[in-house]
Amino acid sequence: GVGTVGYLPLLEWVRGHIAEQHAPPYQGWECCVCTGNADGFQRAWEALLDPGDTLLVCELDFSFSTSQLAAWVGGRSLRLEPLPVGPEGVDAAALRALLDGWAWRRLGV
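Just so it is clear, the structure is predicted and the values come from calculations on it, not from any experiment. (Residues numbered from 1 in each chain as written. Predicted model: local features only at pLDDT ≥ 70, side-chain atom pairs only at ≥ 80, totals over all residues. Heavy atoms only, no water.)

A. Geometry of the overall build of the protein. Counting its secondary structure elements, the protein contains five helices and six strands. Start at the N end of the protein and walk to the C end: the helices and strands fall as β-β-α-α-β-α-β-β-β-α-α. Sorting the 109 residues of the protein into buried and exposed places 20% on the buried side. Considering only intrachain contacts with a sequence separation of at least 6, the fraction spanning at least 24 residues in the protein is 52%. (Helix = DSSP H or I, 4+ residues; strand = E, 2+ residues; numbered from the N terminus. Buried < 20%, exposed > 50% of the residue type's maximum accessible area, 1.4 Å probe, protein only. Contact = heavy atoms within 4.5 Å.)

This is the structure in structure tokens:
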């Protein structure tokens, strides 16, 4: 059968493989079968984000192309905040400035 987490026979095989080969060191872990990384991210975001939430992303590391991601979040009343990236990852000063002004930036939202 087909479920919201993927094709069930394949999902059962993947669960067994993960348990056998990787032995997650905690109880209650779960997985899903998706058609690719963008589909997987989209499923996770749909489960975790509510209308009005903000998604922080690296400006150069979108899971979708910029235009696809912007359309996806806009269609769900989400906000997108691209973060500058340097040689060592997210620019910490830019992230600090964004978070320090968070309440002011979201005033009236």
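B. Broad picture of the pattern of salt bridges. Overall, the coordinates contain four salt bridges when judged by the stated rule. The closest approach of N and O atoms between E46 and R76, which form a salt bridge, is 3.3 Å. Linking E46 in helix α2 (residues 37-48) with R76 in the loop between α3 (66-74) and β4 (79-83), this pair joins segments that are 30 residues apart in sequence. For E46, a relative accessible area of 42% gives the class partly exposed. (Salt bridge = Lys/Arg side-chain N within 4 Å of Asp/Glu carboxyl O.)

C. View of the environment of W29. Residue position: W29 is located in the loop between α1 (8-22) and α2. Setting aside chain neighbours within four positions, we find W29 in contact with R15, I18, A19 and P24.

D. View of the state of the cysteines. One pass over the structure, following the stated rule, counts zero disulfides. This cysteine, C32, is not joined by any disulfide, and C34 carries the nearest cysteine sulfur, 4.9 Å off. (Disulfide = S-S within 2.5 Å.)

E. Representation of the nonpolar core within the structure. Ranked by size, the top nonpolar core spans eight residues in total: W45, L49, L55, V57, L69, W72, V73 and L78. Of all the secondary structure elements, the ones that give two or more residues to this core are β3 (54-58) and α3. At three residues, the largest contribution of residues to this core is made by α3. Not counting residues up to four positions away in its chain, the partners in contact with L55 are W45, L49, L69, V73, R79, L80 and E81. (Core = buried A, V, L, I, M, F, W, Y, C linked by side-chain atoms within 4.5 Å.)

F. Seen up close, the environment of C31. Mapped onto the elements, C31 comes out in the loop between α1 and α2. Assessed through its relative accessible area of 15%, C31 is described here as buried. Here the alpha-carbon distance between C31 and R15, two residues 16 residues apart in the chain, equals 7.0 Å. For C31, the contacting residues outside a window of four places in its chain are L11, V14, R15 and I18.

G. Structural view of α2. Here α2 contains twelve residues, and its C-alpha end-to-end distance of 16 Å stays within 8% of the 16 Å for a straight helix at 1.5 Å per residue. All buried positions along α2 are accounted for by D39, G40 and W45. (Expected span 1.5 Å × (residues − 1).)

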